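Next come the chains, spelled out residue by residue.
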Amino acid sequence: MNPASWTSAQTSCINGGGNLAEITSAVENSFLVHLRDNYSDKNAWIGLRKANNKGTYTWVSSGNDPIFTFWASGQPNLAASLEGCVEIWWAGKWNDLQCETKRPYFCERSVIGAYRLPINRTGKSEEETISQRPVKKDITVIFLLF
Ligand SMILES: [Ca+2]
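The rules we used
- Residues numbered from 1 in each chain as written.
- Predicted model: local features only at pLDDT ≥ 70, side-chain atom pairs only at ≥ 80, totals over all residues.
- Pairing = 2+ DSSP bridges.
- Helix = DSSP H or I, 4+ residues; strand = E, 2+ residues; numbered from the N terminus.
- Contact = placed C-beta atoms within 7 Å.
- Axes fitted to C-alpha atoms, helices over the stretch in contact; angles between N-to-C directions.

S.K.: Got a sec to walk through the sheet that holds strand β1 (residues 19–20)? Specific residues and values, please.
M.R.: The strand order across the open sheet formed by three strands is β1-β6-β7, and the pairing between neighbours is antiparallel. A strand with exactly one partner marks an edge of an open sheet, and here the two such strands are β1 and β7 (139–145). Of the strand pairs in this sheet, strand β6 (residues 106–112) and β7 are connected by seven bridges, and their pairing is antiparallel. Directly across from Phe106, in β7, lies its bridge partner Leu145. The sheet strands contacting helix α2 (residues 26–39) are β6 and β7, and the helix crosses β7 at an angle near 30 degrees.

S.K.: Which residues make up the sheet that holds strand β2 (residues 44–50), and what are the values?
M.R.: Two modes of strand pairing occur in sheets, parallel and antiparallel, and in both the strands are linked by backbone hydrogen bonds. Spatially, β3-β2-β4-β5 is the arrangement adopted by the four strands of the open sheet, whose pairing is antiparallel. Each edge of the open sheet is held by one strand with a lone partner, namely β3 (57–59) and β5 (94–97). Ignoring strand direction, the axes of neighbouring strands in this sheet form an average angle of 45 degrees. Pairing of β2 with strand β4 (residues 85–88) involves three bridges; the strand directions are antiparallel. Bridging from a neighbouring strand, Ala44 pairs with Ile88 of β4.

Okay, here's the thing in structure tokens:
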């Protein structure tokens, strides 16, 4: 893991062709929690933060207000501060804290035309048939933990 302030984490995500992760459902949240719990025991940044001079939380990627939230009990509690960035906390719940705190972080990236390679990537028969496989043309979002 590579702990960074929220702003540095977002810069790193942009440099990798993405953004800090935007969570729009309980399923997505559970996926990120599962990823975190398998590779780190730390809390980790997501792409939600108080927008400057608005005082409300918006996603950095889309600019949208959150349609799904998973705040821990009593959170967010930085009501008096204009600054607040959001981490995935214990039990997968969300907590707001100072943006300069260093945390591991989740990036998301969109990929187009992806498909799953066969498990046996050197299988000759797979190589012969892969050109006939349909390419998935949907845009897929992938999440990465840094
Ligand atoms: Ca808090």
